[in-house]
Amino acid sequence: MKRIQNELSVIILIGAIFIGGCAGGPLTPREKGAGIGALGGAAVGGIIGSAVGHPGVGAAVGGGLGLGAGALVGDQLQGQDNRNSQQDDEIRRNQAEIDRQREELERLRRQRGEY
């Protein structure tokens, strides 16, 4: 009976994570990392916990630790994505300015009769 309760608690934990992930919109890298970490941590914790006779506790502890670690990794990935996006915006602005200046040069050359 206790084993069924422990397994049920693991299933409820995993279900809660999945339902929380479906809250709306695409997941950010931070949320993906947290979810993957929580699931992986819960699985490993459940395996280790079952070896010592407490799979539910092991899954809960492992899930919590995995959640934190996954969120940290996901946060780093999201920060890198944000930096990449800012750099891409800067490159686009610089290219637009280069194009504008090139057109201005061509216009001035035509006015002076250099073409």
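All values derive from a computational prediction rather than experimental measurement.

K.L.:
What should I look at first to understand the overall build of the protein chain in this one?
P.N.:
Within the protein chain, the regular secondary structure consists of 3 helices and 0 strands. Along the protein chain, helices and strands appear, N-terminal first, in the series α-α-α. Each of the 115 residues in the protein chain was classed as buried or not, and the buried ones make up 19%. Partitioning the intrachain contacts of the protein chain with sequence separation of at least 6 by distance along the chain shows that 62% fall at a separation of at least 24. A total accessible area of about 8500 Å² is found for the protein chain, and carbon and sulfur atoms account for 62% of it.

K.L.:
What exactly am I supposed to notice about the packing of helix H2 (residues 29-51) against helix H3 (residues 55-112) here?
P.N.:
Describing two packed helices takes the angle between their axes plus the distance from one axis to the other. It is the contact of H2 with H3, at a shortest axis distance of 5 Å, that shows an interaxial angle of 155 degrees. What the angle tells us is that H2 and H3 run roughly antiparallel. The two elements H2 and H3 cross, and the hand of that crossing is right-handed. In the contact of H2 with H3, the residues fall into 9 nonpolar, 14 polar and 3 charged.

Calculation criteria
- Residues numbered from 1 in each chain as written.
- Predicted model: local features only at pLDDT ≥ 70, side-chain atom pairs only at ≥ 80, totals over all residues.
- Heavy atoms only, no water.
- Helix = DSSP H or I, 4+ residues; strand = E, 2+ residues; numbered from the N terminus.
- Buried < 20%, exposed > 50% of the residue type's maximum accessible area, 1.4 Å probe, protein only.
- Contact = heavy atoms within 4.5 Å.
- Areas by Shrake-Rupley, 256 points an atom, 1.4 Å probe, with all protein chains shown as cover.
- Axes fitted to C-alpha atoms, helices over the stretch in contact; angles between N-to-C directions.
- Parallel < 35°, antiparallel > 145°, perpendicular 65-115°, else oblique.
- Left-handed = near helix turned anticlockwise from the far one by under 90°.
- Nonpolar A, V, L, I, M, F, W, Y, C, P; charged D, E, K, R; others polar.

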